[in-house]
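Each chain is listed here by its residues.
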Amino acid sequence: LEAARLEAARIAAEEEEAAREAQAQLHAATFIQSHIRGKLARGQYSAERAAVIRAQMAVRRWILRVKWTRAREAREEAERVAAEAAKAKAEGNAAVFIQSRVRGAAARNRYAKERAAIISVQMCARRWVLRRKWRRLEAARLEAARIAAEEEEAAREAQAQLHAATFIQSHIRGKLARGQYSAERAAVIRAQMAVRRWILRVKWTRAREAREEAERVAAEAAKAKAEGNAAVFIQSRVRGAAARNRYAKERAAIISVQMCAR
């Protein structure tokens with residue numbers, strides 16, 4: 001019974017250790033997956049942010065170059081107009097030259113404004129495309145974070161269910177083992193009580209037989225004494241009592257050996 005109880009306790013301990021190992025492996029796998037997803041999402045976010053920053057820097061550099069080019073062209077145009085005006089004035093055609101220069105300047109200003117408007121439209125379109133891409137990337141990042149959170153919550157629920165199942169199984173096995181041990185212990189106690197009752201009955205029977213035998217011997221001794229054969233009768237009674245005692249001891253020893261074997 002003790003060996004069965006120890007074996008049941010060992011099996012329950014091994015199952016509990018296996019459940020703890022499975023729980024630790026599940027927790028480690030969930031932890032590694034969440035960190036890998038987070039690292040990938042952070043890497044993708046960093047790459048997209050760097051791309052957006054590079055695009056912004058390129059656009060700003062291009063705007064600065066355009067402004068600087070326009071300023072340089074305007075300065076060169078002003079110098080050229082001044083030189084041509086001086087030359088035309090020297091030739092007597094200053095009025096015509098100024099009119100042609102004014103018309104040319106107006107046309108160039110109109111062209112510059114139209115070109116600036118087109119560039120503004122292109123920049124707005126590019127900004128809209130970039131914002132759309134950014135919104136999509138942000139939505140994808142949030143979705144990945146939500147999925148990772150849901151998977152982590154599912155892993156925690158699975159871990160809790162595994163722990164609850166292990167706890168219930170261990171308690172059920174313990175209850176079954178305790179019930180089996182209690183039943184076997186009760187059976188052993190009943191067997192011991194039956195053996196003790198049998199021993200008491202045997203002892204009582206022997207005592208009663210010895211008392212009856214003593215009374216019978218006393219009666220026969222009194223009768224033999226009356227007849228003059230008391231000595232011979234007493235010797236025969238003593239030898240008979242010794243033989244019966246020897247037989248009773250041998251019988252008790254044989255019964256004890258049989259009980260131990262059973």
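Residues numbered from 1 in each chain as written. Predicted model: local features only at pLDDT ≥ 70, side-chain atom pairs only at ≥ 80, totals over all residues. Heavy atoms only, no water.

## Focus on the overall build of the protein
Secondary structure summary: the protein contains three helices and zero strands in total. If you list the helices and strands of the protein from N to C, you get α-α-α. The long-range share in the protein, meaning contacts at least 24 apart out of those at least 6 apart in sequence, stands at 69%. Approximately 20,600 Å² of the protein is accessible, and the part contributed by carbon and sulfur atoms is 62%. (Helix = DSSP H or I, 4+ residues; strand = E, 2+ residues; numbered from the N terminus. Contact = heavy atoms within 4.5 Å. Areas by Shrake-Rupley, 256 points an atom, 1.4 Å probe, with all protein chains shown as cover.)

## Considering the confidence of the model for the protein
On average, the protein scores 77 in pLDDT, and the residues at 70 or more come to 87%. Across the protein, helix 1 (residues 2-91) holds the top mean pLDDT of 79, while helix 3 (residues 230-261) sits lowest at 74. (pLDDT = per-residue confidence, 0-100.)

## Thoughts on a positive patch on the surface
A contiguous patch of positive charge, built from Arg-127, Arg-131, Arg-132, Lys-133, Arg-135 and Arg-136, is present on the exposed surface. Topologically, Arg-136 is positioned in helix 2 (residues 94-227). (Patch = residues over 30% accessible without salt bridge, like charges linked within 9 Å, V, L, I, M, F, W, Y side chains within 5 Å. Salt bridge = Lys/Arg side-chain N within 4 Å of Asp/Glu carboxyl O. Lys, Arg positive; Asp, Glu negative; His and termini not counted. Charge placed at Lys NZ, Arg CZ, Asp CG, Glu CD.)

## So, a nonpolar patch on the surface
Residues Phe-31, Ile-32, Ile-36 and Leu-40 make up a contiguous nonpolar surface patch of roughly 410 Å² in combined accessible area. Assignment of secondary structure puts Ile-32 in helix 1.

## What about the pattern of salt bridges?
Between side chains of opposite charge, a pair can form when the charged atoms approach closely. Evaluated as defined, the whole model comprises five salt bridges. Within the structure, one salt-bridge network assembled from shared partners comprises Glu-16, Glu-17 and Arg-20.

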